Amino acid sequence: MPQENPFTTGSSEHFPGFPDVTAPLTAAETSRITGRGLWAADGTVDPGAVRLGQALANALLGATTDGSDGAAGTGTAEGVDTATALLPAELAAVVEEVRGLALPAYHRIEGASEGVRLSAFSLRRLDPGPHPLVVVPAGWTPFGWPLFLWSYLVLARKGYHVLAYTPRGLGIPGLPSTSSGRIDVAGPHDWADGSAVIDFAVDRFAPSVIGFMGESYGSGISQLVAAHDDRVAAVVALSTWGNLATSLYDHNTRHLAAVKALLALTGGPVESKFDEANQEILADFQADRNLDTVVEWGRLRAPESYLDLTNENGTPTFFSNTWHESLFAVNQTLETFNGLDVPKRLNMWIGDHAAPEGQALIGPPTVRGEVNQPMAEAYAWLDHHLKGERNGVEDWQEVCNQVMFTYVTEPVLDPETGEPTGENRIVREARRESSAGWSEVTRSTEVLGLTGDGAGGADGRLIPVGGGAPEEGESGWRRAFLAGVDTEATAMDAMMKTGQAEWRGNPKIYDTRKIDRRHALAWTTEPLVSPDGEAAPGRRIRGIPRLRLTVRSTATSASLYAHLLDVAEDDTARIISHEPLNVYGLTPDQDTTVCWNLQAAAYDIASGHRLMLVVDSKDPLYGDASVTWTQTVLSSPEGEPSFLELPLG
């Protein structure tokens, strides 16, 4: 007998804070929701995105039958009609089209561990098969598989069976999209669950071939399942990661804000969401202890650790990531991508986590005929490798980089006053560049030496080193700042929010005059001029910058947070790259030389602009090693002068 579906009746009453999914959605509201993307201003999932996903689930399923035994549930005609009536006409038409093509159903799939039931949703094509199947593990959110339901409709219309599921433990207790069990953080239980889902799919759909597509958490699980189960024929990994260990902890620096954000998105308290072993790992990480054990734990869950298996399986793998990724920094993804010896593709985009593809995962384009290129290429990858379509993918080069902020924008005007709102809209998309592989992105390097001038709070200079030999840089200088105080030189204002604004044409603008030189040191080039003439960029940064400094401190530890900025004539700037480094075991009055890589970038510095390097000791994204009001001294000793190495394209 049909049972009450809490998606459709009383969700906001039964689940406080849950969006009201019983009110009609207008076309204008749907457009606003899709236009905002996945994230709210505070870094949580946008309630509108949740509401849209649940409304689509309701329209497809209506009231569902009990799927606790793993059986499919289908909606009653009355329930479906009622729920579809709450959608705007164009969206309702798509739902009706898909219901004519595929049978929607809700499932509780037995996981790999006794008693674990995975909430799942499927669209089974009705026309004669066999058909390819795309499995979609949900991302790390409290709302599970309904959040990206629009993408399942797209896949079904393209001829796929679709099976989406919420990984174990994620979700708000009581929601039908929540899976039981404890979160394993992409551990062995999650890999085994993925294989159990494949077993279920083979039995129910008899697919011709199976692919996995995942966003964020789901992208890592997709890679891991594919490494351990050779039945996966292709992977699409969106806003992805390759090494969980270095995503969380790199250059002796804990990515605290990332972990805090993830813990807030599980759907419950740590004590109920994780088993004791994983609780201990998370506690150690936050308390800055037993980090060797944390790193081992992360490596076990890293797709990079199983590249030999992926390469042996030959699984075609598609990566998509962003330059200013705040959860899974780009360099660790590059290392994994470079280790793949399979058909592969890497797309790098402007913005932060899920900004490029998020809009197209949750809903239709806001403008008729508009194409979301990140998702269009992801679907093309599946079409080529699962359906055998010759759609141009066979001619793609391995790497395609969107060059930061090369889009053309115009001011958004207030419809009532006609005055600028302070926001911009993109009228011409940013330029993209393809390369045969990541090793082809950087064509040469330029070494800039750091000078010691800068008395009285003035900036030092970045000057080209003759012959490009770092040892020829200026040596014999020392400069100091007071540590432990944050400055205006930060990677971003807020996780996801700043990068989402970048994606829409509104990168963060820094006022370099407001960077407190008591708590930071800065070095700046002369205005840059291209050897190819004034119309060409002053510098084409392509690849991974490298920085060498010598440090000492009045404490036994110090943080060095490097930021590269593109500075305009009016001293405003946009960020190119950054990366923190914590240094431990320092002895007062003794120098320690350190060298580290900043995050990769594809950035054109306009002719006449200057490049600025800022080093300070705190950033809200990270756990720092600074002791407040101690002195950090940077220097350039004889034989090991300080330098910045720029990769050029």
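Some points on the overall build of the protein
And step 1. Of the regular secondary structure elements, the protein holds 18 helices and 28 strands.
And step 2. Here the C-alpha radius of gyration of the protein, 26 Å, is about what a compact globule of 649 residues would show, namely 26 Å.
And step 3. Each principal axis of the C-alpha distribution contributes one length, and for the protein these read about 80 × 55 × 45 Å.
And step 4. The burial tally for the protein puts 59% of its 649 residues in the buried class.
And step 5. Long-range pairs, those at least 24 residues apart, make up 76% of the contacts in the protein with a sequence separation of at least 6.
And step 6. Just so you have it, the protein exposes about 24,100 Å², and 49% of that area is on carbon and sulfur atoms.
And step 7. If you average the places of the 49 positive and of the 85 negative side-chain charges in the protein, the two averages end up 2 Å apart.

Describing the sheet that holds strand β2 (residues 117-125)
And step 1. The strand order β1-β2-β4-β3-β5-β6-β9-β10-β11-β14 describes an open sheet built from 10 strands, whose pairing is mixed. If you trace the sheet from one side to the other, it starts and ends with β1 (102-110) and β14 (432-435), each paired once. For this sheet, the mean angle separating the axes of adjacent strands, direction not counted, is 15°.
And step 2. Where strand β5 (residues 210-215) meets strand β6 (residues 232-238), 6 bridges bridge the pair, whose relative direction is parallel. Note that in β6 the partner of Gly-211 across the bridge is Ala-234.
And step 3. Against the sheet, helix α15 (residues 330-339) makes contact with β9 (317-322), β10 (344-349) and β11 (399-402), and its axis sits at roughly 165° relative to β10, the strand it touches most.
And step 4. With respect to the sheet, helix α17 (residues 373-387) is in contact with β3 (133-137), β5, β6, β9, β10 and β14, its orientation differing from that of β6 by roughly 175°.

Comments concerning the side chain of Thr-451
And step 1. Residue position: Thr-451 is located in the loop between β15 (444-450) and β16 (460-464).
And step 2. Accessibility expressed as a relative area gives 0% for Thr-451, which makes it buried.
And step 3. Contact partners of Thr-451, with chain neighbours within four places excluded, come to Gly-460, Arg-461, Ile-463, Glu-474, Trp-477, Arg-479 and Trp-523.

Details of the nonpolar core
And step 1. Core analysis: the largest hydrophobic core is formed by 176 residues, its most contacted members being Leu-123, Tyr-152, Leu-153, Met-213 and Leu-611.
And step 2. Here this core gets 9 residues from one element, more than from any other, and that element is helix α3 (residues 47-61).
And step 3. Those residues in contact with Tyr-152 that lie beyond four places of it in its chain are Phe-121, Leu-123, Val-136, Trp-145, Val-162 and Ala-164.
And step 4. By size, the runner-up hydrophobic cluster in this structure holds 11 residues, among which are Tyr-510, Ile-515, Ala-520 and Ala-522.

What about the confidence of the model for the protein?
And step 1. The predicted model of the protein averages 93 in pLDDT, with 94% of residues at 70 or higher.
And step 2. Scored below 50 in pLDDT, residues 1-6 shows 18 contacts in the model against residues more than four places distant or in partner chains.
And step 3. Within the model, the stretch residues 63-72 combines pLDDT values under 50 with 35 contacts to residues more than four positions away or in other chains.

Cut-off values and rules
- Residues numbered from 1 in each chain as written.
- Predicted model: local features only at pLDDT ≥ 70, side-chain atom pairs only at ≥ 80, totals over all residues.
- Heavy atoms only, no water.
- Helix = DSSP H or I, 4+ residues; strand = E, 2+ residues; numbered from the N terminus.
- Rg over C-alpha atoms; globule rule 2.2 N^0.38 Å.
- Buried < 20%, exposed > 50% of the residue type's maximum accessible area, 1.4 Å probe, protein only.
- Contact = heavy atoms within 4.5 Å.
- Areas by Shrake-Rupley, 256 points an atom, 1.4 Å probe, with all protein chains shown as cover.
- Lys, Arg positive; Asp, Glu negative; His and termini not counted.
- Charge placed at Lys NZ, Arg CZ, Asp CG, Glu CD.
- Pairing = 2+ DSSP bridges.
- Axes fitted to C-alpha atoms, helices over the stretch in contact; angles between N-to-C directions.
- Core = buried A, V, L, I, M, F, W, Y, C linked by side-chain atoms within 4.5 Å.
- pLDDT = per-residue confidence, 0-100.

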